[in-house]
Amino acid sequence: MRGNCYVTCEALWHLLGGPKSGWKPMYVKHEGDTHWFLKHLACGGCPEAILDPTISQFKSKPDYTSARGCGFLTSKPSKRAKKMMRIMVWQTGHTK
């Protein structure tokens, strides 16, 4: 999993609805690397949520409070994200 957090988060973000989903791409320095995850801001009484699909690569939990928001390099899914999206939804028949 190491080295795939950016593309995994990019693919998930697009699958979840992109900018309309309420999920925000975030990054944090952790165990010597930049680590990406998604954060959903609290709204309407719902608590803030963290979606970190590649957390198992670490020995310790990242300090999400020190994370910074940042957009992805492209507005549409990158080639790597498209490939990841096909893998993520293979059972549903979607072919984005």
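Asks: Help me get a handle on the packing of aromatic side chains, residues and values and all.
Replies: This model, assessed by the stated rule, comprises six aromatic pairs. The interplanar angle of 65 degrees and the centroid separation of 4.7 Å between the aromatic rings of Phe-37 and Tyr-64 together place this pair among those described as edge-to-face. Of this pair, Phe-37 sits in strand S2 (residues 33-40) while Tyr-64 sits in the loop between strand S3 (49-51) and strand S4 (68-69), and the two are 27 residues apart along the sequence. Classification of Phe-37 by relative accessible area gives buried; the value is 0%. Here a set of aromatic residues connected by ring pairs shows up, and it is made of Tyr-6, Trp-13, Tyr-27, Trp-36 and Phe-72.

Asks: Summarise the nonpolar core; cite the residues concerned and give the values.
Replies: By size, the foremost hydrophobic cluster in this structure holds eight residues: Cys-5, Cys-9, Leu-12, Trp-13, Trp-23, Trp-36, Leu-38 and Phe-72. Broken down by secondary-structure element, the contributors of at least two residues to this core are helix H1 (5-15) and S2. Once residues within four sequence positions are removed from consideration, Phe-72 is found in contact with Tyr-6, Cys-9, Glu-10, Trp-13, Pro-25, Trp-36 and Leu-38.

Asks: An account of the pattern of salt bridges is needed here, citing residue identities and associated values.
Replies: Inspection of every chain in the model, using the stated rule, returns one salt bridge. In this structure, Glu-48 and Lys-39 form a salt bridge, with 3.4 Å as the shortest nitrogen-oxygen distance. A residue is classified by how much of its surface remains accessible, and Glu-48, at 47% relative accessible area, is partly exposed. Note on Lys-39: relative accessible area 16%, which makes it buried.

Asks: I'd like to hear about the environment of Leu-12, residue by residue, with values.
Replies: Secondary-structure assignment places Leu-12 in helix H1. The residues touching Leu-12, leaving out its near neighbours within four places in the chain, are Leu-38, Leu-51, Pro-53 and Met-88.

Asks: Provide a residue-level description of the pairing of strand S1 (residues 23-30), including the pertinent values.
Replies: Alignment of S1 against S2, held across eight bridges, turns out to be antiparallel. The partner of Lys-29 across the bridge, within S2, is Thr-34. Here S1 hands over to S2 after two residues, with Glu-31 in that stretch at a positive phi of 50 degrees.

Asks: Any chance you could break down the pairing of S2 for me, citing the residues and the numbers?
Replies: The buried fraction of S2 amounts to six of the eight residues, a majority that puts the element mostly inside the structure. Across three bridges, S2 lies against S3 in antiparallel orientation. By the bridge assignment for S3, Lys-39 is matched with Ile-50.

Asks: Can you lay out the side chain of His-30 for me, pointing to particular residues and giving the numbers?
Replies: Along the chain, His-30 falls in strand S1. Residue classification places His-30 among the buried positions, given a relative accessible area of 9%. A polar atom in the side chain of His-30 sits 3.4 Å from the side chain of Glu-31. From its side chain, His-30 meets the backbone oxygen of Ser-60 in a polar contact 2.9 Å long. Beyond its immediate chain neighbours, meaning those up to four positions away, His-30 contacts Phe-58, Ser-60, Lys-61 and Pro-62.

Definitions and limits used
Residues numbered from 1 in each chain as written. Predicted model: local features only at pLDDT ≥ 70, side-chain atom pairs only at ≥ 80, totals over all residues. Heavy atoms only, no water. Phe/Tyr/Trp six-rings, centres within 6.5 Å; stacked < 30°, edge-to-face > 60°. Helix = DSSP H or I, 4+ residues; strand = E, 2+ residues; numbered from the N terminus. Buried < 20%, exposed > 50% of the residue type's maximum accessible area, 1.4 Å probe, protein only. Core = buried A, V, L, I, M, F, W, Y, C linked by side-chain atoms within 4.5 Å. Contact = heavy atoms within 4.5 Å. Salt bridge = Lys/Arg side-chain N within 4 Å of Asp/Glu carboxyl O. Pairing = 2+ DSSP bridges. Polar contact = N/O pair within 3.5 Å; in protein donor to acceptor, adjacent residues only side chain to side chain.

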